[in-house]
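# Commentary on secondary and tertiary structure
Below are the chains, spelled out letter by letter.
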Amino acid sequence: VNDAFKKGAVAAIVQAPFGESPRNGIVIEVEDTMKALRDLAIVARMRSRARIIAVTGSVGKTSTKEMIKLALSQSGKTFASAGNLNNDIGLPLSLARLPDDAVYGVFELGMNHPGELAPLSNLLRPHLAVITPVESAHSEYFASEQAIADEKAEVMTGLEPGGSVVLNHDNRHYTRLLGAAKGFGVEHILDFGGHPDATVRLIDCSLHGNSSAVLASIADDRIEYGLAAPGRHWISNSLAALAAVKGIGGDVNLAAAALAK
């Protein structure tokens, strides 16, 4: 704690009993520092009027989260969790940092054991949840990919009333996740991918050495945009980001233009 104060910290939350207090900073004694961190997150969420987005999935979480942050920043002040701070410590830490004047908040939620996502979702209380492709990641604690998909679906447990979910229509677990969304009573379901019925549908793309060009349909409106990164996986992430922007009420055209950055 003393070392933290020397490096510029102004206060420390510590588990009691702490002993003699340092003279160069404020020490707040609590019974449980993890509970205190969650309480800070709860208060930050309560005071915020921001529209909150949760991003989970097996692959592409952090990239998609950053794309959504960039895309939504054109519509209003947008805060996002740093890096991949997405677990039972990283999420409340990120949520506690949410500025009270943010218009949008984008948070990554991760897990590697059953039963981890629901508590995170209930803490975050998102207005919209994005599930990126479900694959065999962190599979050592799950019996099957289907079990992983079921755990990812738990991100919907904390959705605010009238909330939305964004699903990857091209993923082999789409039908399972769609059924879960209906089971949770999600009112608005959006999807993305190459499927002709997708809300955000890839019509065509061209891949170059350092960039990609995309032609997509967003609820029957055609839109063209570029990405400063090559690869179909980046295109898929961008479709997810645009679906999230549409679902949360942001400006899709401004968002698509921002993705070129």
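What comes next is a walk through the structure. The structure displayed is predicted, hence computed values, not measured ones.

Cut-offs applied
Residues numbered from 1 in each chain as written. Predicted model: local features only at pLDDT ≥ 70, side-chain atom pairs only at ≥ 80, totals over all residues. Heavy atoms only, no water. Helix = DSSP H or I, 4+ residues; strand = E, 2+ residues; numbered from the N terminus. Rg over C-alpha atoms; globule rule 2.2 N^0.38 Å. Buried < 20%, exposed > 50% of the residue type's maximum accessible area, 1.4 Å probe, protein only. Areas by Shrake-Rupley, 256 points an atom, 1.4 Å probe, with all protein chains shown as cover. Pairing = 2+ DSSP bridges. Axes fitted to C-alpha atoms, helices over the stretch in contact; angles between N-to-C directions. Parallel < 35°, antiparallel > 145°, perpendicular 65-115°, else oblique. Left-handed = near helix turned anticlockwise from the far one by under 90°. Contact = heavy atoms within 4.5 Å. Nonpolar A, V, L, I, M, F, W, Y, C, P; charged D, E, K, R; others polar. Phe/Tyr/Trp six-rings, centres within 6.5 Å; stacked < 30°, edge-to-face > 60°. Lys, Arg positive; Asp, Glu negative; His and termini not counted. Salt bridge = Lys/Arg side-chain N within 4 Å of Asp/Glu carboxyl O. Polar contact = N/O pair within 3.5 Å; in protein donor to acceptor, adjacent residues only side chain to side chain. Right-handed = clockwise from strand over helix to strand, strands pointing away.

Moving on, we get to the overall build of the protein. From N to C terminus, the protein includes nine helices and 11 strands. In terms of overall dimensions, the protein is globule-like: its C-alpha atoms have a radius of gyration of 20 Å, near the 18 Å expected for 261 residues. Its C-alpha atoms give the protein principal-axis dimensions of roughly 65 × 40 × 35 Å. For the protein, buried positions account for 49% of its 261 residues. Here the protein displays about 12300 Å² of accessible surface, and carbon together with sulfur accounts for 50% of that area.

If you walk across this open sheet you meet the nine strands as β4-β5-β3-β6-β7-β8-β9-β10-β11, and the pairing is mixed. The open sheet has two free edges, formed respectively by β4 (78-80) and β11 (221-227), since each of these has just one partner strand. Looking at each pair of strands side by side, their axes are set apart by 20° on average, direction ignored. As judged from the two bridges shared by strand β8 (residues 188-193) and strand β9 (residues 200-207), these two strands associate in the parallel manner. Its bridge partner being in β9, G193 is matched across the sheet by R201.

In contact at an axis separation of 9 Å, helix α3 (residues 61-72) and helix α8 (residues 232-248) are set at 50° when each is read in the N-to-C sense. Considering their axes alone, α3 and α8 lie oblique with respect to each other. Of the two elements, α3 crosses α8, and the hand of that crossing is right-handed. Of α8, the residues touching α3 (which contributes S63, T64, M67, I68, A71 and L72) are W234, N237, S238, A240, A241, A244, V245 and I248. Classifying every residue of the contact of α3 with α8 by side-chain character gives 10 nonpolar, four polar and no charged.

Attention shifts here to unusual backbone geometry. What is expected of a backbone is that most residues other than glycine have negative phi and most peptide bonds are trans. In the segment running from A16 into P17, the intervening peptide bond is cis, with an omega of -5°. Positive phi values are uncommon outside glycine, yet D220 reaches one of about 80°.

To continue, consider the packing of helix α6 (residues 145-153) against helix α7 (residues 174-183). One way to put it is that α6 packs onto α7 with a least axis distance of 10 Å and a crossing angle of 35°. In the packing of α6 onto α7, the handedness of the crossing is right-handed. Here Q146, A149, D150 and A153 of α6 lie close against α7, whose contacting residues are R176, L177 and A180. Grouping the constituent residues of the contact of α6 with α7 by class yields four nonpolar, one polar and two charged.

A few words on the packing of aromatic side chains. Applying the stated criterion to the full structure yields one aromatic pair. With centroids separated by 5.9 Å and ring planes inclined at 50°, the aromatic side chains of F79 and F107 adopt a geometry described as tilted. Remark: F107 occurs in strand β5 (residues 104-108) and F79 occurs in strand β4; sequence separation between them is 28 residues. Just as F79 is buried, F107 falls in that class too.

This brings us to the side chain of E108. With respect to the helices and strands, E108 occurs in strand β5. Within the buried core, E108 has no salt-bridge partner, and the shortest N-O distance to an opposite charge, that of K65, equals 4.5 Å. A polar contact is formed between the side chain of E108 and the side chain of N86, at a distance of 2.8 Å.

Bringing the pairing of β5 into the picture now. Most of β5 sits inside the fold, with five of its five residues counted as buried. Across the two faces of β5 the burial is the same, with Y104, V106 and E108 and G105 and F107 all buried. By the bridge criterion, three bridges tie β4 to β5 in an arrangement that is parallel. The residue of β5 that forms the bridge with F79 is G105. Viewed along the sheet, the connection from β4 through helix α4 (residues 90-96) into β5 turns out right-handed.

Inspection of every chain in the model, using the stated rule, returns eight salt bridges. One salt bridge in this structure joins D3 and K7, with 3.3 Å as the shortest N-O distance. Judged by its relative accessible area of 67%, K7 is exposed. Ionic contacts of the salt-bridge type, sharing partners, join the residues R45, R125 and E160 into one network.

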